[in-house]
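Secondary and tertiary structure notes
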Amino acid sequence: MKKIVLSLFAIASLWSHSDRVNAAPADPSSDPLPAEVLNAIPGDLSGYLLLRDNEANVVYVGPRYGVLGNTSGLPMLSFASVSSNGTIFSVMNAAFDFRVDRDDFLRLKDAVESVGWAIAPMPFTSTTGTLSINSIDEGEENGLCFTEIDIVTGNEIEVCNNFVVRAISAPEGPTLGELYNVQMVLTEAGTELYQKLLRGGNGISFNMEANYMAAFPAYTAVIDVNYKKLSESYEAFAAIHLSNCVDIQVSDFFKRESICREKDDGTYENINGAECSIKVSYRNQRGEEKENLYRIPDNYSDADMQNFATQYNEEILVVHNAIEGLREDFEAKLLEKYPTASVDKTVNYNFIFRADRQRFEDEVNLTFERKTVGGAVIKQTTIPGISACVDADPDTGDVQRYYGNQDCFGFWEGEVQPIEFLEETDDDDDDDDDDDDDDDGGWW
């Protein structure tokens, strides 16, 4: 291909902050990229793995796919058949290259730097590969049978397969700049099948599972609550549900109660439509000070709320987590809960007001404090490997670029991106194939 790719090792040399000792991606479920950064990134680059640093204004980027490596413009794939005792086998070796397209990386770099952020390679801790092989149910009748060890029981089992006798991939995935090697020994039918599949969009079904340490945020939050206002707001909410709320409704009430918006006239109300009863202020691990006060227009629409949730996703998650202790305290002091069995025999809880709740409402103002200690968990992302547009002749061992259709021509000329092949259906795999029965094992 004419497109230049940039190895993760090379990317590291372009980043000026590589001496940070505690650099780590933030857990995307609790600390996603802010809206200003997401809005700056071109839409066609959204398929890349993009995570923020847990402390600094840094975006980590990881590959969105791997492709067959190439040397002197030829795919790094070998495919040769041999006859043994009247039975035809073939061996196929392939080397996948997981990199970031150089042009894409430079565009990402320009985009994040335009809003004052930097970019860095994704610091994977380890990688493994999964090779998906093609088969059909009648393997025992037409294919080869062999014995292998069941990884669950440890017992020997007989495995029969029409197409693949053995599939091997490297036990450990590649580190920065390395290739990932796979090998398959094929039956005669498998030889014919994979020769056809390689001409299409994804002849070898391969995934790389990449692990990384994801940090979850640390913060100190102070929650000030007016119990009388909170009780009045809940009473109005519960009245809609005949004063008998289930646990998920109580949880939903607190999530809405904890989001305060500043109205156009300068007063404040929560999303439940009542006067704000909860104030949350916190300082996160980056030293940023935030409050649960937001600007949402009067007469806001569903679209307004969706935009609000996207823009303030990280802050909303922190607020919701911070008030968990308050919710539990409110339920214990002011509500009576009792279990109810559902049709599927799972236990849910209903909540009604306690008869003696008045004495707690008289404690008008209370303050809670919630602290979390930052840590890290192992996260995994799957990156597909794409083997596309290869013309391999197992009889001669010749391997060439395949130009037999418009997509493949564009692929080798750099006009069609590899990721586009993953978005196509199996029907588009091979324009020269009329035998749909053989197109059995693409990605989708």
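Residues numbered from 1 in each chain as written. Predicted model: local features only at pLDDT ≥ 70, side-chain atom pairs only at ≥ 80, totals over all residues. Heavy atoms only, no water.

A word on the packing of aromatic side chains. Under the counting rule described, the total for this entry stands at 15 aromatic pairs. Consider the rings of tyrosine 234 and phenylalanine 253, whose centres lie 5.1 Å apart with planes at 80 degrees: the pair is edge-to-face. Here the residue tyrosine 234 occupies a position in helix H6 (residues 227-240), and phenylalanine 253 occupies one in helix H7 (residues 247-257), the gap between them amounting to 19 residues. Exposure remark for tyrosine 234: the relative accessible area of 1% places this residue in the buried category. An angle of 75 degrees between the planes, with centres 5.2 Å apart, marks the rings of tyrosine 294 and phenylalanine 308 as edge-to-face. (Phe/Tyr/Trp six-rings, centres within 6.5 Å; stacked < 30°, edge-to-face > 60°. Helix = DSSP H or I, 4+ residues; strand = E, 2+ residues; numbered from the N terminus. Buried < 20%, exposed > 50% of the residue type's maximum accessible area, 1.4 Å probe, protein only.)

Below, the discussion takes up helix H5 (residues 188-197). Burial in H5 covers these residues: Gly190, Thr191, Leu193, Tyr194, Lys196 and Leu197. Check the buried side of H5 and you find it contacts strand S7 (77-84), strand S8 (87-97), strand S11 (126-132), strand S14 (164-169) and strand S15 (179-186). (Contact = heavy atoms within 4.5 Å.)

Below, the discussion takes up the state of the cysteines. According to the stated counting rule, one finds 2 disulfides in the structure shown. Disulfide partner of cysteine 260: cysteine 276, at an S-S distance of 2.1 Å. A residue pair is termed long-range when its members are at least 10 positions apart, and cysteine 260 in strand S19 (residues 260-262) and cysteine 276 in the loop between strand S20 (268-270) and strand S21 (278-284) qualify at 16 residues. There is a disulfide in this structure between cysteine 389 and cysteine 408, and the S-S distance comes to 2.1 Å. On the sign convention where negative means left-handed, the S-S torsion of about -80 degrees between cysteine 389 and cysteine 408 marks this disulfide as left-handed. Residue cysteine 389 is located in the loop between strand S27 (375-386) and strand S28 (390-393), and its partner cysteine 408 is located in helix H12 (residues 406-412); the two are separated by 19 residues in the primary sequence. Assessed through its relative accessible area of 0%, cysteine 389 is described here as buried. (Disulfide = S-S within 2.5 Å.)

The next point concerns the sheet that holds S21. Within a sheet, adjacent strands bond to each other through the backbone by hydrogen bonds, running parallel or antiparallel. Here we have 4 strands laid out as an open sheet, ordered S22-S21-S17-S26, and antiparallel in their pairing. Bordering the open sheet on either side are strand S22 (289-291) and strand S26 (365-372), each of which pairs with just one other strand. Strand-to-strand twist of the sheet, defined as the mean angle between neighbouring strand axes without regard to direction, takes the value 15 degrees. Two strands pair when backbone bridges link them, and strand S17 (residues 219-226) and S21 are joined in this way by 7 bridges, in the antiparallel orientation. The residue of S21 that forms the bridge with alanine 221 is tyrosine 282. On top of the sheet, H6 reaches S17, S21 and S26; it is set at about 75 degrees to S17, its chief contact. (Pairing = 2+ DSSP bridges. Axes fitted to C-alpha atoms, helices over the stretch in contact; angles between N-to-C directions.)

What follows concerns the pattern of salt bridges. Evaluated as defined, the whole model comprises 16 salt bridges. Between arginine 327 and glutamate 331 there is a salt bridge, with the nearest N and O atoms lying 2.7 Å from each other. In this pair, arginine 327 and glutamate 331 both sit in helix H10 (residues 324-334), 4 residues apart, roughly one turn of the helix. Across the pair, exposure class does not vary: arginine 327 and glutamate 331 are buried alike. One salt bridge in this structure joins aspartate 329 and lysine 333, with 3.4 Å as the shortest N-O distance. Remark: lysine 333 and aspartate 329 occur in helix H10; sequence separation between them is 4 residues, near one turn of the helix. Take aspartate 329 and lysine 333: they sit in the same class, and that class is buried. Connected through salt bridges with shared partners, the residues Asp44, Arg64, Asp104 and Arg107 form a single ionic network. (Salt bridge = Lys/Arg side-chain N within 4 Å of Asp/Glu carboxyl O.)

Time to look at the packing of H7 against H10. Closest axis-to-axis distance for the H7/H10 pair is 11 Å, and the angle between their directions is 125 degrees. When the axis of H7 is compared with that of H10, the two are oblique. The two elements H7 and H10 cross, and the hand of that crossing is right-handed. In contact with Val250, Ser251 and Phe254 of H7, H10 contributes Leu326, Arg327, Phe330 and Glu331. (Parallel < 35°, antiparallel > 145°, perpendicular 65-115°, else oblique. Left-handed = near helix turned anticlockwise from the far one by under 90°.)

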